[in-house]
Amino acid sequence: MFDHDLFAYLESYLTEERKQRFLEVLQHRTNFLTVAIEDVYQMHNTSAIIRSCDVFGVQQVHVVEDRFAKQLDKNIAMGAEKWVDVHKYRNTRDCVTRLKEEGYQIIATTPHDNSTLLNDFFPESKSAIFFGTEKAGLSDEVMQQADVFLKIPMVGFSESLNVSVSAAIIIQDLAQKVRRSGLDWQLSEDEILEKRMDWTKKSINHVKGIIKRYRSE
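Just so it is clear, the structure is predicted and the values come from calculations on it, not from any experiment.

Chemist: Sorry if this is basic, but what is going on with the nonpolar core here?
Modeler: Generally speaking, nonpolar side chains in soluble globular proteins are found buried as a group. Grouped together as the largest cluster of nonpolar side chains are 28 residues, with contacts concentrated most on L33, V35, I37, I170 and L174. Among the elements of the structure, strand 1 (33-38), helix 3 (43-56), strand 2 (60-64), strand 6 (127-131), strand 7 (148-151) and helix 8 (163-179) are those that each provide at least two residues to this core. In terms of residue count, helix 8 provides more of this core than any other element does, seven residues in total. With residues near it in sequence (within four places) discarded, L33 still touches V58, P123, S127, I129, L174, A175 and V178.

Chemist: Which parts of the structure should I look at to understand the packing of helix 2 (residues 16-26) against helix 9 (residues 189-202)?
Modeler: A packed helix pair is summarised by two numbers, namely the angle formed by the two axes and the spacing between the axes. Close contact between helix 2 and helix 9 brings their axes to 11 Å; oriented N to C, the two are set at 135 degrees. Taken together, helix 2 and helix 9 sit at an angle that is classed as oblique. Relative to helix 9, helix 2 is oriented so that their crossing is right-handed. Contact residues: F22, L23, V25 and L26 in helix 2; I192, K195, R196, W199 and T200 in helix 9. Residues of the contact of helix 2 with helix 9, tallied by class, amount to six nonpolar, one polar and two charged.

Chemist: Got a minute to help me understand the environment of S47 in this structure?
Modeler: Residue position: S47 is located in helix 3. Sequence separation of S47 and Y89 is 42 residues, and the distance between their C-alpha atoms is 16 Å.

Chemist: In this structure, what is going on with the sheet that holds strand 4 (residues 105-109)? I would like to understand it.
Modeler: The strands that make up a sheet are held in pairs by hydrogen bonds between backbone atoms, and each pair lies either parallel or antiparallel. Here seven strands make up an open sheet; going across it, the order is 3-2-1-6-4-7-5 and the pairing parallel. Here the strands that pair on one side only, and so sit at the sheet edges, are strand 3 (85-89) and strand 5 (116-117). Both strand 4 and strand 7 contribute to a ladder of three bridges, which runs parallel. Counted as the bridge partner of I107 is V148 from strand 7. Relative to the sheet, helix 8 contacts strand 1, strand 4, strand 6 and strand 7, its axis offset from that of strand 6 by approximately 165 degrees.

Chemist: Sorry if this is basic, but what is going on with the pattern of salt bridges here?
Modeler: Pairing between side chains of opposite charge can happen when their charged atoms approach one another. The final tally for this structure, using the stated rule, is eleven salt bridges. With its nearest N and O atoms 3.8 Å apart, the salt bridge here joins R21 to E24. Taken together, the positions of R21 and E24, both in helix 2 and three residues apart, correspond to about one turn of that helix. By relative accessible area, which is 38% here, E24 ends up partly exposed.

Chemist: Just checking my understanding: could you explain a nonpolar patch on the surface for this structure?
Modeler: On the surface, a cluster of nonpolar side chains totalling about 290 Å² of accessible area is made up of M154, L161, V165 and I169. Among the structural elements, V165 can be located in helix 8.

Chemist: I keep staring at the side chain of K19 and nothing clicks. Help me out?
Modeler: Mapped onto the secondary structure, K19 falls in helix 2. Non-local contacts of K19, meaning those with residues more than four positions away in its chain, are made with E11 and L14.

Chemist: I keep staring at the packing of helix 1 (residues 4-11) against helix 10 (residues 207-216) and nothing clicks. Help me out?
Modeler: Where helix 1 contacts helix 10, the axes come no closer than 11 Å and their chain directions differ by 125 degrees. Compared by their axis directions, helix 1 and helix 10 come out oblique. Both helix 1 and helix 10 take part in a crossing whose hand is right-handed. Between helix 1 and helix 10, the residues in contact are D5, L6, Y9 and L10 and V207, I210, I211, Y214 and R215, respectively.

Reading the values: the criteria
Residues numbered from 1 in each chain as written. Predicted model: local features only at pLDDT ≥ 70, side-chain atom pairs only at ≥ 80, totals over all residues. Heavy atoms only, no water. Core = buried A, V, L, I, M, F, W, Y, C linked by side-chain atoms within 4.5 Å. Buried < 20%, exposed > 50% of the residue type's maximum accessible area, 1.4 Å probe, protein only. Helix = DSSP H or I, 4+ residues; strand = E, 2+ residues; numbered from the N terminus. Contact = heavy atoms within 4.5 Å. Axes fitted to C-alpha atoms, helices over the stretch in contact; angles between N-to-C directions. Parallel < 35°, antiparallel > 145°, perpendicular 65-115°, else oblique. Left-handed = near helix turned anticlockwise from the far one by under 90°. Nonpolar A, V, L, I, M, F, W, Y, C, P; charged D, E, K, R; others polar. Pairing = 2+ DSSP bridges. Salt bridge = Lys/Arg side-chain N within 4 Å of Asp/Glu carboxyl O. Patch = residues over 30% accessible without salt bridge, like charges linked within 9 Å, V, L, I, M, F, W, Y side chains within 5 Å. Areas by Shrake-Rupley, 256 points an atom, 1.4 Å probe, with all protein chains shown as cover.

Here's what the structure looks like:
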């Protein structure tokens, strides 16, 4: 159960500007779209994708670390992992299973010829967009489970983009389409309240001690 009294107490440690900023950002946050990153072995790319999710309002990211488990590159993420919920998995199957159970269609990003062009695609239902390794792309597991195959239209000599660049383009495009639609894409009131509590805790130094002192009074 949400502790409204504790929340009010912790919020007293924040400036009015900080509290207002949280409210403004959360008005644009969504769980209608989510992003999954599968075995990207260059951590700066994973970190950059998480930063794009923060910038374009996607609240949750799912990271499969089957072969290349490493820490996020803090310099690239620039604190984005503080504001975005990152869920980690040891294998792709667990990630796909969880997302399907939560009602997401699986979107596989791939340059294959039978893929739908980004310009022509609109996410009419909750969508999890998967991005794969820099060289091999997505695993057979994702490709077999995918509901939609998606690619970025390109007209130059190069036939591929860096995975973090591709992710930024796709996330921005789909997030913009969803926000301009009549879909129920925003966070619920309960989700907003939970994120306000989470972000408030992350904004206060020595918050565990402060909470302990509050509960002992």
